[in-house]
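Here is what each chain is made of, one letter per residue.
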Amino acid sequence: MCKWLLWMAVAAAATGQPLPLGELPRGKVVLIAQPHHDDHTTDYGMGGFIARLIENGYRGVYIRASNDEKDGRNGYAQNDIINLREARAGLRHLGVDEVVSLNWRNDFMNPIPLNELREQLIFLIRKYKPDVVLGHNPWEHYQKNPDHRNVGRALVEAYWMAGDRNVHPEHFALGVTPHAARHFYGKGRLDWGLGQQSNVAIALNETQQRKKELAIAAHRNVYHNPGAKKAYLAALAGEGKALPELAAVDDNTASDLILHWWMNWISRDIGRRAGVKYAEDYYHLDRWDDLPGLRNYLQRNAR
Amino acid sequence: MRRRQFLLAAAAAPKTVMVVAADARWLECCAGLVARQLAAGLRGLLVRVGDDRLEGWNMPPEQAAWRNRLEAEAAAKVLGLAEVVSFGYPASELRNVPHTTLRDRLLTLIRRHRPAVLVIPNPHTEHDRNLDSYYAGAAAEDAWHAARFANYLPALALEPYVTPEVYYYAPPVDPRRREPEAAAAFVPQPVQVDISPWFAQKLAAARELKTVNRARAERLRERLAAAGQRLPLLATVDDAAAARLAEENLRGLAALGAEGSNYALAEEFRYAGVEYGIPAKYLR
Ligand SMILES: [Zn+2]
């Protein structure tokens, strides 16, 4: 045992620690690949970052891997159609016009042939040639949704494999070429214990925060809840409390207001960790993340 | 009687260190540790799960797989490993191999060779974007666990076996890899292993992986060129330049592995030894 150095340093809890602010990566195209219609903007990512990239000259492409048949109360087929339409509407608030739907079955992504989904993502990365890839952090802890975990796994492999000409060479006959994106940002929840081990925060301004709130509100099939006002006020009354601001508006406006409060709070909470008003947090893999032994050498010698 | 003969035979044989590898990256992660174990008198066995068919440049995957098998065997010889077993599963496709199939093949080898030390990919590491290591590591860890139970594969007629020491390896990309677990027992703890005396041997073994080194150098040159960059070392990519790049990589990794220690060159692992099964307070 004396030949080894046993690490016994006390580990600091990651959640709540200060986060470094990340620079906006340079580039022209961002590809966002997620399982669901609404994953472009939820309480734990990415709409603000997408809006900021688009404002800085990026073009965006959103890949919806599933058919979202379970989200909503309209039956499978109708849910699919409504959710796709609302994804387009939400993404337009962020400045993204192109949505590609792969239509794998919603909430059935554990048993799907994941290497086939990976191949689709490799092809799309080769086609759109993104500088930045956004998706779910496949190493997020306590992720219960198999769609998030599995699309994240397929995507993080597609991210490096798309640049390797030995991978799916049959694609090249279709006019695409190998492409290695330079950045991967993975999102995850930070409110599930040590759910998301982030390493960077992306600051948002008021406009980007506002776009993010509009983008999620566009998903009325799953987020619009006119019954929420009555339920919240009744619960508060039971504790002897009142919320006049909510009581003063109609049920539809109250639903939007609650969504606004929720989204605003989470961006402020992450912003606080990074010393800015609003932010989102990510796990960032940069271009040399797969070559830890060469990182310093490349920084010194690549010109 | 049969059992007694078996035990006598096992006692006479040198102890074995068994290395499980998803791909050619095993050498950068643990070749120093393996050389160290072999120098201490252990016999070495390398099990290659994937076939490294993507690690070639301008050649069909079958040719890359064949060359990489021969070159892995040559590298193993330089390190002093006695045997290499190649399962031959296509690289990047390990997700499609049933977990129990892979586990049971590894379990069979564990019961047959009864290794004193297992060195396996760490399936619990985070942020390694090559997930073959995850699938091979998960099967290897399960094989280590299951090999001890008589009800697993009784038809093999091989004695159940517990490997007393396990090293989990991974490329150093997980920022939390040095954080100790909450308890010393039942979870592998981070260790750094001094490889300074064996580093030259590790370099010599890496030089044998000509096809892998060449493919990596060409890919890196292409990645840099796509960003309008170049590396003077790769102005001309030949075997010498590729070997030099591999050496820079190994030096960089060994320096990273030694960070925070008094060692010049090291590798880092998660280690499950005797304290894994018996809490330290009972060992005193
Ligand atoms: Zn989702």
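Treat the numbers as computed from the prediction; the structure is a model and nothing was measured. (Residues numbered from 1 in each chain as written. Chains lettered and ligands numbered in written order. Predicted model: local features only at pLDDT ≥ 70, side-chain atom pairs only at ≥ 80, totals over all residues. Heavy atoms only, no water.)

A. Local environment of the environment of R287(A). Along the chain, the position of R287(A) falls in the loop between β8 (278–285) and α10 (295–301). Residue R287(A) is classed as buried on the basis of its relative accessible area, which comes to 14%. Here the alpha-carbon distance between R287(A) and W160(A), two residues 127 residues apart in the chain, equals 9.4 Å. Leaving out residues up to four positions away in the same chain, R287(A) has contacts with R182(A), R223(B), L224(B), A227(B) and Q229(B). (Helix = DSSP H or I, 4+ residues; strand = E, 2+ residues; numbered from the N terminus. Buried < 20%, exposed > 50% of the residue type's maximum accessible area, 1.4 Å probe, protein only. Contact = heavy atoms within 4.5 Å.)

B. Geometry of unusual backbone geometry. All names here are of chain A. A positive phi angle is found at D68, which is not glycine, with a value near 55°. Within the fold, D68 resides in the loop between β3 (59–66) and α2 (76–94). Among the residues examined, D68 registers a relative accessible area of 0% and is labelled buried.

C. Representation of the state of the cysteines. All names here are of chain B. With the rule as written, the count across this model stands at zero disulfides over all chains. Free cysteine: C29, not disulfide-bonded; nearest cysteine sulfur from C30 at 6.6 Å. By relative accessible area, which is 9% here, C29 ends up buried. (Disulfide = S-S within 2.5 Å.)

D. Layout of the interface of chain B and chain A. Each partner contributes to the interface: chain B provides 56 residues, whereas chain A provides 48 residues. Summing both partners gives a buried area of about 4,700 Å² for chain B against chain A, and 55% of it is carried by carbon and sulfur. Where chain B meets chain A, there are six salt bridges. A salt bridge links R129(B) to D290(A); its shortest N-O distance comes to 3.9 Å. At the junction of chain B and chain A, the tally comes to 16 residue pairs in polar contact (both at pLDDT 80 or more). Breaking the side of chain B that touches chain A down by element, the ones donating at least two residues are α5 (132–146), β5 (165–169), β6 (189–194), α7 (210–226) and α8 (239–258) of chain B. A per-class count over the side of chain B that touches chain A returns 24 nonpolar, 14 polar and 18 charged. (Buried area = accessible area lost by both parts, 1.4 Å probe. Salt bridge = Lys/Arg side-chain N within 4 Å of Asp/Glu carboxyl O. Polar contact = N/O pair within 3.5 Å; in protein donor to acceptor, adjacent residues only side chain to side chain. Nonpolar A, V, L, I, M, F, W, Y, C, P; charged D, E, K, R; others polar.)

E. The pattern of salt bridges, seen in detail. Tallied over the entire structure, the rule returns 41 salt bridges over all chains. Here E55(A) ties to K211(A) by a salt bridge, and the two come within 2.7 Å at their closest N and O atoms. Highlighted residues: E55(A) in helix α1 (residues 47–55) and K211(A) in helix α5 (residues 206–217), separated in sequence by 156 residues. You can call E55(A) partly exposed: its relative accessible area is 35%. The class for K211(A) is partly exposed, based on a relative accessible area of 22%. Look at the salt bridges and you will find they share partners, linking D164(A), E28(B), E55(B), R216(B) and R219(B) into a network.

F. The arrangement of the coordination of the zinc ion in detail. Residue and element names in this part refer to chain A. Looking at the zinc ion, one finds its protein donor set to be H36 (ND1), D39 (OD), D39 (OD) and H148 (NE2), positioned 2.1 to 2.4 Å from the metal centre. Every donor counted, the four donor atoms about the zinc ion form angles of 56 to 136° at the centre, which fits irregular coordination. Read from N- to C-terminus, the donor residues coordinating the zinc ion fall into the pattern H-x2-D-x108-H. Here the residue D39 occupies a position in the loop between β2 (29–34) and α1, and H148 occupies one in helix α4 (residues 146–161), the gap between them amounting to 109 residues. (Donors = N, O, S within 2.8 Å, 3.2 Å for Na, K, Ca; no water. Tetrahedral: all angles 85-135°; square planar, octahedral: opposite > 155°, others 65-115°.)

G. Seen up close, the layout of surface pockets. Each pocket or cavity is described by its volume, and for the second largest pocket that value is around 900 Å³. In terms of lining residues, the second largest pocket is bounded by 39 residues, among which P123(B), H124(B), T125(B), E126(B) and D174(B) are the most central. Secondary structure elements with two or more residues in the lining of the second largest pocket: α4 of chain A together with α5, β5, β6 and β7 (266–272) of chain B. Its residues assigned to classes, the lining of the second largest pocket shows 18 nonpolar, eight polar and 13 charged. (1 Å grid on protein atoms, 1.4 Å probe; cavity = no way out; pocket = protein on both sides within 12 Å on 5 of 7 lines; lining within 4 Å. Points joined across faces, edges and corners; volume = space filled by probe spheres on them.)

H. A look at the confidence of the model for chain A. The pLDDT averaged across chain A works out to 91; a share of 93% of its residues lies at or above 70. Contacts of residues 1–14 of chain A to residues separated by more than four positions or lying in other chains number 37 contacts, the stretch itself having pLDDT below 50. (pLDDT = per-residue confidence, 0-100.)

I. Representation of the side chain of N67(A) in the model. Mapped onto the secondary structure, N67(A) falls in the loop between β3 and α2. Sequence-distant contacts of N67(A), defined by excluding residues within four places in its chain, comprise D80(A), N103(A), W104(A), R105(A) and N106(A).

J. Geometry of the sheet that holds strand β4 (residues 98–104) of chain A. All names here are of chain A. Reading across from one edge, β4-β3-β2-β5-β6-β8-β7 is the order of the seven strands in this open sheet, with mixed pairing throughout. Among the strands making up the open sheet, the edge pair consists of β4 and β7 (200–204). This sheet shows a mean twist of 25° between the axes of neighbouring strands, independent of strand direction. Two strands pair when backbone bridges link them, and β3 and β4 are joined in this way by five bridges, in the parallel orientation. Bridge pairing in β4 places Y62 opposite V99. (Pairing = 2+ DSSP bridges. Axes fitted to C-alpha atoms, helices over the stretch in contact; angles between N-to-C directions.)

K. Main features of the nonpolar core. Residues I63(A), L102(A), L117(A), L121(A), M18(B), F87(B) and L106(B) are the most contacted members of the largest nonpolar core, which totals 65 residues. Those residues in contact with L102(A) that lie beyond four places of it in its chain are I63(A), R64(A), A65(A), L117(A), Q120(A), L121(A) and L124(A). (Core = buried A, V, L, I, M, F, W, Y, C linked by side-chain atoms within 4.5 Å.)

L. Main features of the packing of helix α3 (residues 61–79) of chain B against α7(B). Residues and elements named next belong to chain B. Close contact between α3 and α7 brings their axes to 8 Å; oriented N to C, the two are set at 120°. With respect to their mutual orientation, α3 and α7 come out oblique. Only K210, T211 and V212 of α7 make contact with α3, whose side of the interface consists of R67, N68 and E71. Here the residues of the contact of α3 with α7 sort into one nonpolar, two polar and three charged. (Parallel < 35°, antiparallel > 145°, perpendicular 65-115°, else oblique.)

M. Up close: the pairing of β5(B). Residue and element names in this part refer to chain B. Of all five residues in β5, four are buried; the element is thus mostly enclosed. Sheet topology note: the strand β4 (residues 117–121)/β5 ladder contains five bridges and is parallel. Bridge pairing in β5 links P121 to Y169. Considered for its hand, the β-α-β crossover made up of β4, α5 and β5 is right-handed. As paired elements, β5 and β7 share three bridges and run antiparallel to each other. (Right-handed = clockwise from strand over helix to strand, strands pointing away.)

N. Molecular detail of empty space enclosed by the protein. Residues and elements named next belong to chain B. Applying the stated criterion to the full structure yields two cavities of 30 Å³ or more. Within this model, the largest cavity holds a volume of roughly 120 Å³. Around the largest cavity sit E28, C29, Y169, A170, P172, K202, L253, A254, G257, A266, E267 and E268, which together line it. Going through the elements one at a time, α2 (26–39), α8 and β7 are the ones with two or more residues in the lining of the largest cavity. Space inside the second largest cavity adds up to approximately 80 Å³. Along its surface, the second largest cavity is lined by 13 residues, and R25, P121, S133, Y169 and P171 are the ones closest to its centre.

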